[in-house]
Amino acid sequence: MYMILPQTLLENLELVAQQVVEGFIIGLHKSPFHGFSVEFAEHRLYNPGDPLRHIDWRVYGRTNKLFVKRFEEETNLRCCMVIDTSASMHFPEDPVRLSKLQFSCLAAASLLQLLKRQLDAASLALFDEDLHYFSECRSAQSHYRMLTHQLDKVLHTTPGRQTNAAATLHLVAERMHKRSLIVIFSDMMDDAEHVESLFSALQHLRYNKHEVILFHIQDGKQELAFEFEQRPYEFVDMESGEKVRLQTHQAKEEYITHMNEFREMVARRCHQYRIDRVAVDLSEPVEQVLHAFLLKRNKLL
């Protein structure tokens, strides 16, 4: 695996995404996405040897006859990529490391390449304070090119706005066809007042029968381990502009404690709502993160 530089991404996102997919697709023995969604088709009379779990006991109670439910697997998946484009996602601003937003756009573009190969339908939602882009869900080649172009435009934007993930996720829950796959890329850096409404929106997605995957993206070195030189720093909130001056060694222990509590809370709530949370450290290459995640899905199917 080679290091992908931000400049390479800015020059040709689609090509880099294709290379990422080529790198990990060999190890996947079957589709990592097909098969999670099945729809009820019809009843038929029970035959000896049919699985008992498929018997419809309600029908038996009404008719005194054994019927089994027939299910029809959906051959085409509907998937929506939801990307947080708020100011905090532009961290870190580093010429040799991907920011959280750059990682998200590359990972989303790579998954779109995979979905395109499977002839599945995809859509894209981009949000900060508002839902500022939401495409239709289609499977045409031209549609996939348009989505990748939209991701490329995001890479060339400058940071500016704050986050309101809850409102966006409620809209996605309502607009997407039930039993869709919703893949969210975010650092979950909403302010404390909005945390409950954010999880309420995630619960709304699950209530509407969507499968939800959250790529929770953070920078391990600075955001998680708080590794800075021992000297005074002025920290600036990328979304509110609020500034604070401090000696990093004096705040490190308390900061790490609060950050760990936050991450544990997110993991706990995702488990509670049956959301597949993928903890991402930006020090890990995109292809490594996606490969490990997709191999895990292969084993679950």
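Criteria and thresholds
- Residue indices follow the written sequence of each chain, beginning from 1 at its first position.
- Per-residue local features of the predicted model are confined to residues with pLDDT of at least 70, and side-chain atom pairs are confined, for both listing and counting, to 80 or more; whole-chain, interface and lining totals are unaffected and use all residues.
- With hydrogens and water excluded, all non-hydrogen atoms of the structure serve as input to the side-chain values.
- Any two strands with at least two DSSP-identified bridges between them are counted as paired.
- Runs of E in the DSSP output that reach at least two residues are strands. Runs of H or I that reach at least four are helices, and both are numbered from the N terminus.
- Every axis in this analysis is a line fitted to C-alpha atoms, fitted for helices over the stretch in contact. Angles between the N-to-C directions lie between 0 and 180 degrees.
- Every residue pair with non-hydrogen atoms within 4.5 Å of one another is taken to be in contact.
- When an angle is under 35 degrees it counts as roughly parallel; over 145 it counts as roughly antiparallel; between 65 and 115 it counts as roughly perpendicular; any other value is oblique.
- In this scheme, a crossing is called left-handed if the near helix is turned counterclockwise away from the far one by less than a right angle; it is called right-handed if the turn is clockwise.
- Amino acid classes used here: Ala, Val, Leu, Ile, Met, Phe, Trp, Tyr, Cys and Pro are nonpolar; Asp, Glu, Lys and Arg are charged; the rest, including Gly, are polar.
- Each nonpolar core is a collection of buried residues, namely Ala, Val, Leu, Ile, Met, Phe, Trp, Tyr and Cys, held together in the definition by side-chain atoms within 4.5 Å.
- Each residue is placed in one exposure class: buried if its accessible area under a 1.4 Å probe, protein chains only, is under 20% of its type's maximum, exposed if it is over 50%, and partly exposed if it falls in between.
- Pairing of aromatic rings covers Phe, Tyr and the six-membered ring of Trp, with a centre-to-centre limit of 6.5 Å; geometry is then stacked below 30 degrees between planes, edge-to-face above 60, and tilted otherwise.
- Here, a charge over a ring means that NZ of Lys or CZ of Arg falls within 6 Å of the ring centre while also lying within 35 degrees of the ring normal.

Colleague: Just checking my understanding: could you explain the sheet that holds strand S10 (residues 276–281) for this structure?
Modeller: By way of backbone hydrogen bonds, the strands of a sheet pair with one another, either parallel or antiparallel. One open sheet holds the six strands; their spatial order is S5-S4-S3-S6-S7-S10, and the pairing between them is mixed. Both edges of this open sheet fall to strand S5 (131–134) and S10, since each of them pairs with a single strand only. The average undirected angle you get between the axes of adjacent strands in this sheet is 15°. Across six bridges, the pairing between strand S6 (residues 181–186) and strand S7 (residues 211–218) is parallel. From the neighbouring strand, isoleucine 182 faces S7, where its bridge partner is valine 212. Strand contacts of helix H6 (residues 165–175): strand S3 (78–84), strand S4 (121–127), S5 and S6, with the helix running at about 30° to S5, the strand carrying the most contacts.

Colleague: Is there a simple way to explain the environment of leucine 282 in this structure?
Modeller: You can see leucine 282 is positioned in the loop between S10 and helix H10 (286–300). When residues no more than four places from it in sequence are discounted, the contact partners of leucine 282 are Phe91, Pro92, Leu98, Ser99, Lys100, Phe103, Ile217, Gln218, Asp219 and Gly220.

Colleague: What exactly am I supposed to notice about the packing of helix H2 (residues 13–24) against helix H4 (residues 100–117) here?
Modeller: Two numbers describe a pair of packed helices, the interaxial angle and the distance between the axes. Two elements in contact, H2 and H4, have axes separated by 8 Å at closest approach and are oriented at 65°. Overall, the two elements H2 and H4 adopt an arrangement that is roughly perpendicular. Along this stretch, H2 crosses H4, giving a crossing that reads as right-handed. Each of Leu13, Glu14, Val16, Ala17, Gln18, Val20, Val21 and Glu22 in H2 lies in contact with H4, whose residues at this interface are Cys105, Leu106, Ala109, Ser110, Gln113, Leu114, Lys116 and Arg117. Of the residues in the contact of H2 with H4, the class split is nine nonpolar, three polar and four charged.

Colleague: Would you take a moment to explain the nonpolar core for this structure?
Modeller: In summary, soluble globular proteins display a tendency toward joint burial of nonpolar side chains. Counting 48 residues, the largest nonpolar core has Met81, Leu106, Leu151, Val183, Phe185 and Phe215 as its most contacted members. Among the elements that line this core, the one with the most residues is H4, at eleven residues. Every residue in contact with leucine 151, bar those within four places of it in the chain, is listed here: Leu13, Ile83, Cys105, Ala108, Ala109, Leu112 and Leu124. In this structure, Ile182, Val212, Leu224 and Val266 belong to the second largest nonpolar core, which totals 30 residues.

Colleague: How do you make sense of unusual backbone geometry when you look at a structure like this?
Modeller: For residues that are not glycine, phi is negative in most cases, and the peptide bond is trans in most cases. Looking along the chain, the bond that leaves phenylalanine 91 and enters proline 92 is cis, with omega of -10°. Position of proline 92 relative to the elements: it lies in the loop between S3 and H4. Its identity is not glycine, yet phenylalanine 226 carries a phi of approximately 50°, on the positive side. Of note, phenylalanine 226 is situated in the loop between helix H8 (220–224) and strand S8 (232–236). Even without being a glycine, arginine 274 presents a positive backbone phi close to 60°. You can see arginine 274 is positioned in the loop between helix H9 (248–272) and S10. Note on arginine 274: relative accessible area 67%, which makes it exposed.

Colleague: Mind showing me how you'd approach the packing of aromatic side chains here?
Modeller: How two aromatic rings sit relative to each other is set out by the distance from centre to centre and by the angle between their planes. Scanning the entire structure with this criterion turns up nine aromatic pairs. Both rings, one in phenylalanine 226 and one in phenylalanine 235, keep their centres 5.7 Å apart while their planes meet at 25°; by these two values the pair is stacked. Note on phenylalanine 235: relative accessible area 21%, which makes it partly exposed. Aromatic pair tyrosine 233 and phenylalanine 235: ring centres 5.7 Å apart, planes at 35°, arrangement tilted. Classification of tyrosine 233 as buried rests on a relative accessible area of 15%. Taken together, the aromatic side chains of Phe226, Phe228, Tyr233, Phe235 and Tyr255 make up a single cluster linked through ring pairs. One Lys or Arg, arginine 231, reaches over the ring of tyrosine 233 and ends 4.0 Å from the middle of that ring. When the ring centre of phenylalanine 199 is taken as reference, the NZ or CZ atom of arginine 269 above it lies at 4.7 Å.

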